[in-house]
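Each chain is listed here by its residues.
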2 protein chains.
Amino acid sequence: MQETAPFASYASGITASHRELLDQVLDKWSLQVMEELCEQPQRFNELRRAIPVVTQKSLTAALRRLERNGMVERVVTSTRPIAVEYRITALGKTLQDLIDALLRWTTDNMDGVERARERYDGEN
Amino acid sequence: MQETAPFASYASGITASHRELLDQVLDKWSLQVMEELCEQPQRFNELRRAIPVVTQKSLTAALRRLERNGMVERVVTSTRPIAVEYRITALGKTLQDLIDALLRWTTDNMDGVERARERYDGEN
DNA sequence: CAGCATCCGCCGCGATACTG
DNA sequence: CAGTATCGCGGCGGATGCTG
């Protein structure tokens, strides 16, 4: 509840809540998870196999966060043992293009970044 | 393109280095900083005033990181006292549209997310 | 003006063990 | 199968104080 600063205000109005939302949604594992779920709904362990390096604690945390923010839906089937399926929501879908764009950006510019790093590291 | 993994491979090939790059570039303050510098080159303290909540340690760290990744250029003028100007690089400019899109996404969907959070928090 | 140094708390993330 | 519980660490970020 940022009373708008009397003077400057941010460039295009990025606020704390904006940043917070992006933090929640762009955290370490969320991108992969959403990518996976955009392709098809998946069970918990399917996601683990699809993203082999994630620990299940982190995966759980990412899913909970995404669920809380309305990006992912958790569907429980009370069989025995229970089955849980995660699927992307309509709200989550609105991020898909952006995620794809981000990934494309990284692949397109990885080389340039790499060179910049070498230059920087070399000079110091 | 990096050799596709023999088995699963990620959905669209997000790798550790991709994630790492995004982490460097989308960290807590980088977005605001790049936003500011996309508008115009700015001095260190100008940035501080433009983003009043950032501490200078964090601002320094963000600038260093952005510089190392080739997104921002640090121009030192050896007057007395010295002046340092930061400006966006060509590589950095390639991110501008994405940043804008991310910000637009947050403003457009903040309400939906808010409702999702209330629903989620209410149920537990 | 543009930082660096230090201390310190928080939490993201991993590793490991256990459960309905 | 789909988690929860606990421990521990490393690193980010804030607060404060000092400097060429």
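Cut-off values and rules
- Residues numbered from 1 in each chain as written.
- Chains lettered and ligands numbered in written order.
- Predicted model: local features only at pLDDT ≥ 70, side-chain atom pairs only at ≥ 80, totals over all residues.
- Heavy atoms only, no water.
- Contact = heavy atoms within 4.5 Å.
- Buried area = accessible area lost by both parts, 1.4 Å probe.
- Salt bridge = Lys/Arg side-chain N within 4 Å of Asp/Glu carboxyl O.
- Polar contact = N/O pair within 3.5 Å; in protein donor to acceptor, adjacent residues only side chain to side chain.
- Helix = DSSP H or I, 4+ residues; strand = E, 2+ residues; numbered from the N terminus.
- Nonpolar A, V, L, I, M, F, W, Y, C, P; charged D, E, K, R; others polar.
- Near = heavy atom within 4 Å.
- Pairing = 2+ DSSP bridges.
- Axes fitted to C-alpha atoms, helices over the stretch in contact; angles between N-to-C directions.
- Left-handed = near helix turned anticlockwise from the far one by under 90°.
- Buried < 20%, exposed > 50% of the residue type's maximum accessible area, 1.4 Å probe, protein only.

Trainee: How do you make sense of the interface of chain A and chain B when you look at a structure like this?
Mentor: It is common to report an interface's size as the accessible area lost on association of the parts. Listed as interface residues are 49 residues of chain A and, on the opposing side, 49 residues of chain B. Summing both partners gives a buried area of about 4700 Å² for chain A against chain B, and 67% of it is carried by carbon and sulfur. Scanning the region where chain A abuts chain B turns up 4 salt bridges. Counting across the chain A and chain B interface gives 12 residue pairs in polar contact (both at pLDDT 80 or more). Here the element with the most residues in the side of chain A that touches chain B is helix α5 (residues 90–123) of chain A; it accounts for 18 residues. Residues belonging to the side of chain A that touches chain B are distributed by class as follows: 24 nonpolar, 13 polar and 12 charged.

Trainee: What exactly am I supposed to notice about the protein's contact with DNA strand D here?
Mentor: Surrounding DNA strand D, one finds 17 residues, the nearest of these being A:Arg43, A:Arg74, A:Tyr86, B:Lys57 and B:Ser58. Looking at DNA strand D alone, sugar and phosphate atoms form 72% of those within 4 Å of the protein. Here a phosphate oxygen of DNA strand D sits 2.5 Å away from a polar atom, N or O, in the side chain of A:Arg43. A distance of 2.5 Å separates a phosphate oxygen of DNA strand D from a polar atom in the side chain of A:Tyr86. Elements supplying a minimum of two residues to the surface near DNA strand D: α3 (44–50), α4 (56–68) and β3 (83–88) of chain A together with α4 (56–68) of chain B. Sorting elements by how many residues they give to the surface near DNA strand D places α4(A) first, with 4 residues. Split into classes, the residues belonging to the surface near DNA strand D amount to 5 nonpolar, 5 polar and 7 charged.

Trainee: Just checking my understanding: could you explain the sheet that holds strand β3 (residues 83–88) of chain B for this structure?
Mentor: Across a sheet, paired strands are connected by hydrogen bonds in the backbone, their directions being either parallel or antiparallel. Residues and elements named next belong to chain B. In spatial order, the strands read β1-β3-β2; together these 3 strands make up an open sheet with antiparallel pairing. Edge positions in the open sheet fall to β1 (42–43) and β2 (72–77), since each of these has one partner strand only. In this sheet, β3 lies alongside β1 in antiparallel orientation, the contact comprising 2 bridges. Among the inter-strand pairings, Gln42 is bridged to a residue of β3, identified as Tyr86. Those strands touched by helix α2 (residues 30–39) are β1, β2 and β3, and its axis lies near 95° from that of β3. Across the sheet, α4 is in contact with β2 and β3; its angle to β2 comes to roughly 110°.

Trainee: Even after reading the chapter, I still don't get the sheet that holds strand β2 (residues 72–77) of chain A, so can you show me in this structure?
Mentor: Residue and element names in this part refer to chain A. Strand order in the open sheet formed by 3 strands is β1-β3-β2, with antiparallel pairing between adjacent strands. Looking at strand neighbours, the two that pair on one side only are β1 (42–43) and β2, the edges of this open sheet. Across 6 bridges, β2 lies against β3 in antiparallel orientation. Counterpart to Arg74 in the pairing with β3 is Tyr86. Contacts from helix α2 (residues 30–39) reach β1, β2 and β3 within the one sheet, and its direction differs from that of β3 by about 95°.

Trainee: What's the story with the packing of α2(A) against α5(A) in this structure? I'm lost.
Mentor: In a packed pair of helices, the relevant descriptors are the angle between the two axes and the axis-to-axis distance. Residue and element names in this part refer to chain A. In contact at an axis separation of 10 Å, α2 and α5 are set at 115° when each is read in the N-to-C sense. Crossing hand, α2 versus α5: left-handed. Of α5, the residues touching α2 (which contributes Leu31, Met34, Glu35 and Cys38) are Gly92, Lys93, Leu95, Gln96, Ile99 and Leu103. Of the residues assigned to the contact of α2 with α5, the class counts are 6 nonpolar, 2 polar and 2 charged.

Trainee: How do you make sense of the pattern of salt bridges when you look at a structure like this?
Mentor: Summed over the entire model, instances satisfying the criterion amount to 10 salt bridges over all chains. As a salt-bridge pair, A:Arg65 and A:Asp27 come within 2.3 Å of each other at their nearest N and O atoms. Highlighted residues: A:Arg65 in helix α4 and A:Asp27 in the loop between α1 (16–25) and α2, separated in sequence by 38 residues. The shortest N-O distance in the salt bridge between B:Asp23 and B:Arg19 comes to 2.2 Å. Here B:Asp23 pairs with B:Arg19, and both are found in helix α1 (residues 16–25), just 4 residues apart, close to one helical turn. We classify B:Asp23 as partly exposed; its relative accessible area is 36%. Overall, the relative accessible area of 6% leaves B:Arg19 in the buried class.

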